[in-house]
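Here is what each chain is made of, one letter per residue.
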Amino acid sequence: MSDVITLAHGSGGRKTSELIAELFKKNLGNEYFTADDAAVMPKPEGRIAMSTDGFIVSPWEFNGGNIGKLSICGTVNDLACMGAKPLYLTCSYIVEEGFPVEDLEKIAQAMGETCRKAGVKIVAGDTKVAGKGQVDKVFITTAGVGVIADGVNLSGANAKPGDKIIVTGDVGRHGTCILLARDEYGIEADVKSDCAPLWDAVEAVLAVCPEMHVIRDATRGGVGTVLYEICDQSGVGIDISSEAVPVAPEVRGVTGMLGLEPLYLACEGTMVMFCPAEYADKVVEALKQTEHAKGAAVIGEVTAENKGRVVMTTSIGGKTYLPQPGNELLPRIC
Ligand code: MG
């Protein structure tokens, strides 16, 4: 195989078959991934959830992952937020002519590894090659199907006054990591993206609290945006304690220097959960037993007052409104 992706790799001819066999099948293959026009799978029992997302992160490789890992985590986590066990994914690549084959293989490897971790299978895929300059290196779109257990009913509209609000780990890592990777600020800090598939964490939570009200992954826009979204969707207010929000020291350092609010920086392996108060301790305990949610913490609660607003109690005991989500700080973060 050649060293770089050429237009011929996307032509549907011999070079395309070569790419599929040597790169994609090798890393992503499974019994449902065939040469036919569509994948055929057994019908799962119960309700299904479906989701799709495009990934255009720049740079495509970062501390803690790459666009391949991100593209699996993003869709797996969106399904998990609905309480759906992720089963099948499709993936569609748009690759810029001249992109190194070796790098595309790295991306496919990361996807395969993440799929195995998340217990999900890529059953169909597509590759298009765009001319030089038409896309920036590589864009990936994934779509996924998952199955929802009976009795599980999650929605952003389900938050109730009295609910406790839990984050599954420290916030703002992915956004800070990408910001540093762009190297525009001359700051040296070792910040690793939180990028991770979280179905196992959600599964553990639903086992101890099947009546969980809301789960949402705090991707673009971070935890702050999720809190405002849930306020709106559920018609409630939210009270959080700024001291209770877990932030890694290295993230605190960078955001402090740049004057950024970690609650508004993207996460790619951190969720916000709303549960009836009596389950909060059990949920945090269950989360802490899982690989990617060891830093789980209660950060606040839902109120009947202040509808549509997020009130933050500061470390010195004052109360302030968390600013409304503002302008996108970082383009092409996920
Ligand atoms: Mg989401």
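Residues numbered from 1 in each chain as written. Predicted model: local features only at pLDDT ≥ 70, side-chain atom pairs only at ≥ 80, totals over all residues. Heavy atoms only, no water.

1. A short note on the pairing of strand S6 (residues 138–148)
In the case of a regular strand, side chains alternate between the two sheet surfaces. Within S6, nine of the 11 residues are buried, which leaves the element mostly enclosed by the surrounding structure. The pairing of strand S1 (residues 47–55) with S6 spans nine bridges and is classified as antiparallel. Bridge pairing links Ser51 to Gly144 in S6. (Buried < 20%, exposed > 50% of the residue type's maximum accessible area, 1.4 Å probe, protein only. Helix = DSSP H or I, 4+ residues; strand = E, 2+ residues; numbered from the N terminus. Pairing = 2+ DSSP bridges.)

2. Observations concerning the environment of Asp163
Relative to the assigned elements, Asp163 resides in the loop between S6 and strand S7 (164–167). Taking C-alpha positions, Asp163 is 5.9 Å from Phe274, a pair spaced 111 residues apart along the chain.

3. With respect to the coordination of the magnesium ion
Around the magnesium ion, the protein contributes the donor atoms Asp78 (OD) and Asp217 (OD), at 2.2 Å from the metal centre. Residue Asp78 is found in helix H2 (residues 67–81), and its partner Asp217 is found in strand S8 (residues 214–217); the two are separated by 139 residues along the sequence. Looking at Asp217, the relative accessible area reads 10%, which means it is buried. (Donors = N, O, S within 2.8 Å, 3.2 Å for Na, K, Ca; no water.)

4. Digging into the domain arrangement of the protein
Assigned domains of the protein: these are domain 1 (7–148) and domain 2 (164–321). On a C-alpha basis, the centroid separation for the pair domain 1 and domain 2 is 27 Å. At the interface, 22 residues of domain 1 touch 24 residues of domain 2. Here domain 1 meets domain 2 over a buried area of about 1800 Å², counting both sides, of which 64% is carbon and sulfur. By the criterion of area lost to domain 2, the three top residues of domain 1 are Asn63, Asn77 and Cys81, representing 30% of everything that side buries. (Domains from an automatic or database assignment. Contact = heavy atoms within 4.5 Å. Buried area = accessible area lost by both parts, 1.4 Å probe.)

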